Amino acid sequence: MTPDNAPARAQLRHFIDTHFDEQVATLARLVQCPSDNPPGDCRPHAERTAELFEAMGFTVERHAVPDAFARQHGMRSVTNLIVRERFGDGPVIALNAHGDVVPPGDGWSCDPYGGEVRDGWLYGRGAAVSKSDFTTYGQALRALKHAHAQGTPLAGTVELHLTYDEETGGMTGPGWLLAEGLSRPDYVISAALSHHVVVAHNGCLHLEVTLRGLSAHAARPETGHDAIEAAATLLPALYRYRDSLAQRPSQTPGIGHPTMVVGLIEGGINTNVVADRLSLRIDRRIVPEESPEAVEAELRAVIEEACAPLAGIRAEVRQILLARPFTPAPGSEALTALMCREASAAMGQEVTPIGVPLYTDARLYAEAGIPTVMYGAGPKSLIEANGHRADERVPLFELRAATVAVAHVLLELLTPTAIPTPGENP
């Protein structure tokens, strides 16, 4: 803790506590505005978010991504939001969360867009992943602004990066903001859950394989080349490869081993026609120790070897997504230690660094060489949060605690005797 900032810390906590009902209400309103991805038409939610944050006294920059670029990355519309609060010369800290969410699916016990509070949890699609952290970060910054207005000395800038394509890879979200030069922070905190500080995560490779054969009448199948039958050879080869991945354990705590899933299959013309085409999509998770390029080459070789003996069949392979693993950028150690310390104090239990088998937007900041950690509101695991499942939910205790932890980290980083900006001498 920086000397003599105990009064400011108490002031931050008091502000967060006394305005917590407003924070919960804001989260409910964010959940009540759909932003499903797919289809990825997220501009209306961005506008609703901007209105809510402007009502809280923030100046909100709206950065519309060109529609052609958005479509190239699987989105219909994207407007990213940046809030900048400058408190003087000093480091720039960006807080990043995403507002796009997976579609709700079936099996809900409540309205997935209701924002219902029940037994200390707020329910709804995006409640935990990660509309909650729109409010975690926004309320922490509100508290910091209030403390500064009351005389707390601060030096530096806080930016909120509220982006809209994490579910499709982040290239029109943080990737676009960084590429366009709209921000270059010194530190980043990105959305996550409350019981660990995430410092590493898997990457992800998506490949589309199209098997092409020759159509024929079902009465004369020998005159064609059946793409569906070809898939019956390819799929076992892929699953043998998948099973072999269990023999490659990661050395990163919290991450097991690489995985592979065939998540989508589509093909055929009609019941009475030999299929001339079948396509499937593969999700291959890449652990931090692996080279993404080597992983793609290896998987392509598996496909080529399986399909080579199939007469009349041609296999076409197309990369859909390559998200590199998130590994700590130089200078991350001090930020990790600070986040763990403040999260432990706010949660009343030890919060430690960990890796997770997901992939997120955090990797894009780390790839740019920016010290990055992941921390936000949520229960002990994504499963407990029902992330990407029915009855997604966030616990209100963790929502409040995470907001306090983030506010205290910002206070420490913006206090003149805080850890140095990367590149400066300590």
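The structure under discussion appears in the preceding block.
Note that the structure is predicted; figures quoted are calculated from it, not measured. (Residues numbered from 1 in each chain as written. Predicted model: local features only at pLDDT ≥ 70, side-chain atom pairs only at ≥ 80, totals over all residues. Heavy atoms only, no water.)

*Asks:* What should I look at first to understand the sheet that holds strand 14 (residues 314-323) in this one?
*Replies:* The strand order 11-13-9-14 describes an open sheet built from four strands, whose pairing is antiparallel. The open sheet is flanked by strand 11 (259-267) and strand 14, the only strands paired with a single partner. Between one strand axis and the next, the sheet turns through 20 degrees on average, direction left out of account. Here eight bridges tie strand 11 to strand 13 (residues 277-286), and the two strands are oriented antiparallel to one another. (Pairing = 2+ DSSP bridges. Helix = DSSP H or I, 4+ residues; strand = E, 2+ residues; numbered from the N terminus. Axes fitted to C-alpha atoms, helices over the stretch in contact; angles between N-to-C directions.)

*Asks:* So what exactly am I meant to see when it comes to the packing of aromatic side chains here?
*Replies:* The geometry of two aromatic rings is summed up by the distance between their centres and the angle between their planes. Under the counting rule described, the total for this entry stands at two aromatic pairs. Ring plane angle 90 degrees and centroid distance 6.2 Å describe the contact between Phe134 and Tyr164, whose orientation is recorded as edge-to-face. Placement of the pair is Phe134 in helix 5 (residues 131-149) and Tyr164 in the loop between strand 6 (157-163) and helix 6 (174-179), with a sequence separation of 30 residues. Across the pair, exposure class does not vary: Phe134 and Tyr164 are buried alike. Between Arg118 and the ring centre of Tyr123, over which it is positioned, the NZ or CZ distance is 4.2 Å. The ring centre of Phe20 lies 4.2 Å from the NZ or CZ of Arg400, which sits over that ring. (Phe/Tyr/Trp six-rings, centres within 6.5 Å; stacked < 30°, edge-to-face > 60°. Buried < 20%, exposed > 50% of the residue type's maximum accessible area, 1.4 Å probe, protein only. Lys NZ or Arg CZ within 6 Å of the ring centre and 35° of its normal.)

*Asks:* Looking at this structure, I do not really get the pattern of salt bridges. What am I missing?
*Replies:* Where side chains of opposite charge bring their charged atoms close, a pairing between them can arise. Under the definition given, this model contains 30 salt bridges. A salt bridge links Asp67 to Arg43; its shortest N-O distance comes to 3.3 Å. In this pair, Asp67 is assigned in helix 4 (residues 67-72) and Arg43 in helix 3 (residues 43-55), connecting sequence segments 24 residues apart. Accessibility expressed as a relative area gives 35% for Asp67, which makes it partly exposed. A salt bridge links Glu290 to Arg284; its shortest N-O distance comes to 3.0 Å. An identical accessibility class is assigned to Glu290 and Arg284; each is buried. (Salt bridge = Lys/Arg side-chain N within 4 Å of Asp/Glu carboxyl O.)

*Asks:* Can you help me understand unusual backbone geometry in this one?
*Replies:* Only a minority of non-glycine residues have a phi that is not negative, and only a minority of peptide bonds are not trans. Residue Pro38 is bonded to the preceding Asn37 through a cis peptide linkage, with omega at 5 degrees. When you line up the elements, Pro38 lands in the loop between helix 2 (20-32) and helix 3. Looking along the chain, the bond that leaves Pro38 and enters Pro39 is cis, with omega of 10 degrees. Summarising the element assignment, Pro39 is placed in the loop between helix 2 and helix 3. A positive phi angle is found at His388, which is not glycine, with a value near 65 degrees. One can find His388 in the loop between strand 16 (372-374) and strand 17 (393-395). Within the chain, Asp391 stands out as a residue other than glycine whose phi angle is a positive 60 degrees. Structurally, Asp391 can be placed in the loop between strand 16 and strand 17. For Asp391, a relative accessible area of 15% puts it in the buried group.

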